[in-house]
Amino acid sequence: MRSAAFSFARHALAVVATLAITNAASAQTLKTVKDRGLLNCGVSTGLPGFSNPDDKGAWSGLDVDLCRAVAAAIFNDASKVKYVPLNAENRFKALQSGSIDLLSRNSTWTMSREAEFNLSFAAVNYYDGQGFMVRKAANKDSALALDDSKVCVQSGTTTQLNLGDYFRANNMKLQEMAFPSEAETLKAYDTGNCDVFTSDVSQLYAERLKLSAPNDHVILPDVISKEPLGPAVKQGDSQWLEIVKWSHFAMLNAEELGVTSKNIDEALKSTKPDVKRLVGIEGTYGEQIGLTKDWAVRIIRLVGNYGEAYERNVGTDSKLGIPRGLNHLWNEGGIQYAPPIR
């Protein structure tokens with residue numbers, strides 16, 4: 001009996017030790033980022049409204065603001081980010097290799113991407129769908145009128161797969177013209193090599209600004225796919241996944257509660273339980289994921305809530321002028337919805 005009990009105890013200790021080692025190994029990203037003093041964030045090579053550098057190299061956009069939010073939560077400094085421009089082909093490889101800590105680059109959340117590339121999507125910061133842009137002179141008012149069209153599409157994307165599915169499903173002929181980069185795809189369309197340019201609707205709004213005559217082009221009303229776009233991290237570090245996920249959720253919860261970058265100091269005096277938990281007056285929510293008590297305050301003060309980020313980057317007050325649509329909060333007719341901080 002003593003021998004059996006001893007063996008059981010030894011086995012239990014071994015399990016506990018293994019779990020401790022596993023937990024320690026899976027919580028390295030935050031330490032790595034802190035030791036480095038910078039967040040390495042993968043972004044697009046230049047997509048207005050989402051991640052785009054100006055002529056001085058300063059980055060801005062909705063995806064950039066998520067990078068800034070994570071940096072703010074960790075460092076209380078939203079500028080502590082190194083932006084790594086990535087194309088569609090190398091974005092997931094960069095995450096796998098560890099050359100970036102976070103991918104925040106208009107990428108669609110799919111099952112195969114999580115499984116194949118060993119990554120986890122943390123949230124959806126923009127609900128999108130695939131659409132089509134054509135020249136006004138073509139007098140097309142529906143995607144169903146695009147039979148036998150030459151369509152420019154970026155290769156290696158879900159966009160290319162959706163394009164083929166849509167034309168086959170509607171018994172239409174397709175002349176697909178695929179290009180490896182966004183810039184080459186847009187150039188081919190702008191120079192008249194294609195009749196149609198297809199991409200996520202948000203990207204169509206952004207790319208239209210780059211055309212030689214933007215006002216000569218129209219985005220058709222058809223949306224042919226679900227494109228939940230969001231940030232991704234490498235699998236194996238649950239703490240890091242929680243930090244990225246809750247940075248986005250903090251911005252959503254802040255908007256829902258009416259807490260903004262302009263009234264954050266007043267929010268710190270609030271007696272409302274939900275607000276007190278958000279700003280860290282009540283509870284130890286930040287500490288539970290390796291951050292400070294005021295982690296959400298840092299994000300809101302330095303970056304703003306989700307509504308503020310949306311409007312300045314892609315909303316009707318921006319150059320893109322994209323209606324909020326599905327990206328309204330759940331209580332305003334949209335589907336942006338954050339779990340509660342409690």
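Everything that follows concerns the structure shown earlier in this document.
Throughout what follows, the structure given in this document is the object of discussion. (Residues numbered from 1 in each chain as written. Predicted model: local features only at pLDDT ≥ 70, side-chain atom pairs only at ≥ 80, totals over all residues. Heavy atoms only, no water.)

1. What about the overall build of the chain?
Then step 1. When helices and strands are counted, the chain shows 14 helices and 14 strands.
Then step 2. By its C-alpha atoms, the chain is 85 × 55 × 40 Å across when sized along the principal axes.
Then step 3. Burial statistics for the chain: of 342 residues in total, 50% are counted as buried.
Then step 4. Once local pairs closer than 6 in sequence are excluded, the contacts in the chain between residues at least 24 apart make up 72%.
Then step 5. Here the chain has roughly 16200 Å² of accessible surface; of this, 53% comes from carbon and sulfur atoms.
Then step 6. Where the 37 positive side-chain charges of the chain centre and where its 39 negative ones centre are 6 Å apart. (Helix = DSSP H or I, 4+ residues; strand = E, 2+ residues; numbered from the N terminus. Buried < 20%, exposed > 50% of the residue type's maximum accessible area, 1.4 Å probe, protein only. Contact = heavy atoms within 4.5 Å. Areas by Shrake-Rupley, 256 points an atom, 1.4 Å probe, with all protein chains shown as cover. Lys, Arg positive; Asp, Glu negative; His and termini not counted. Charge placed at Lys NZ, Arg CZ, Asp CG, Glu CD.)

2. Some words on the sheet that holds strand 8 (residues 130-135)
Then step 1. A sheet is described by the order of its strands in space; here five strands give the open sequence 10-9-11-8-12, paired in mixed fashion. Looking along the sheet, the strands with just one partner apiece sit at the ends: strand 10 (174-179) and strand 12 (217-219). The mean angle between the axes of side-by-side strands here comes to 30°, regardless of whether they run parallel or antiparallel.
Then step 2. Where helix 7 (residues 182-190) meets the sheet, it contacts strand 8, strand 9 (149-154), strand 10, strand 11 (196-200) and strand 12, and its direction lies at approximately 160° from that of strand 9.
Then step 3. Packing against the sheet, helix 8 (residues 201-208) makes contact with strand 8, strand 11 and strand 12, and its axis sits at approximately 125° to strand 11. (Pairing = 2+ DSSP bridges. Axes fitted to C-alpha atoms, helices over the stretch in contact; angles between N-to-C directions.)

3. What about the nonpolar core?
Then step 1. Core analysis: the largest hydrophobic core is formed by 60 residues, its most contacted members being Leu39 and Trp240.
Then step 2. Ranked by the residues each element gives to this core, the list is headed by helix 3 (residues 62-75), at 10 residues.
Then step 3. With sequence-adjacent residues up to four places away left out, Leu39 is seen in contact with Val33, Cys67, Val70, Ala71, Phe75, Lys80, Val81, Lys82, Asp101, Leu102 and Trp240.
Then step 4. Judged by nonpolar contacts, the second largest core, of 12 residues, contains Phe132, Ala143, Leu163 and Met172. (Core = buried A, V, L, I, M, F, W, Y, C linked by side-chain atoms within 4.5 Å.)

4. Comments concerning helix 7
Residues that lie three or four places apart on an α-helix share one face, since the helix turns once every 3.6 residues.
Then step 1. Within helix 7, the full set of buried residues consists of Glu182, Thr185, Leu186, Ala188 and Tyr189. The buried residues of helix 7 occupy one face: seen down the axis, they fall within an arc of 160°. Facing away from the buried side of helix 7 by more than 90 degrees, the exposed set consists of Ala183 and Lys187.
Then step 2. Tucked into the core, helix 7 has its buried residues touching strand 8, strand 9, strand 10, strand 11, helix 8 and strand 12.
Then step 3. Of the residues one or two after helix 7, Gly192 is the one with positive phi, at around 90°. (Arc of directions from axis to C-beta.)

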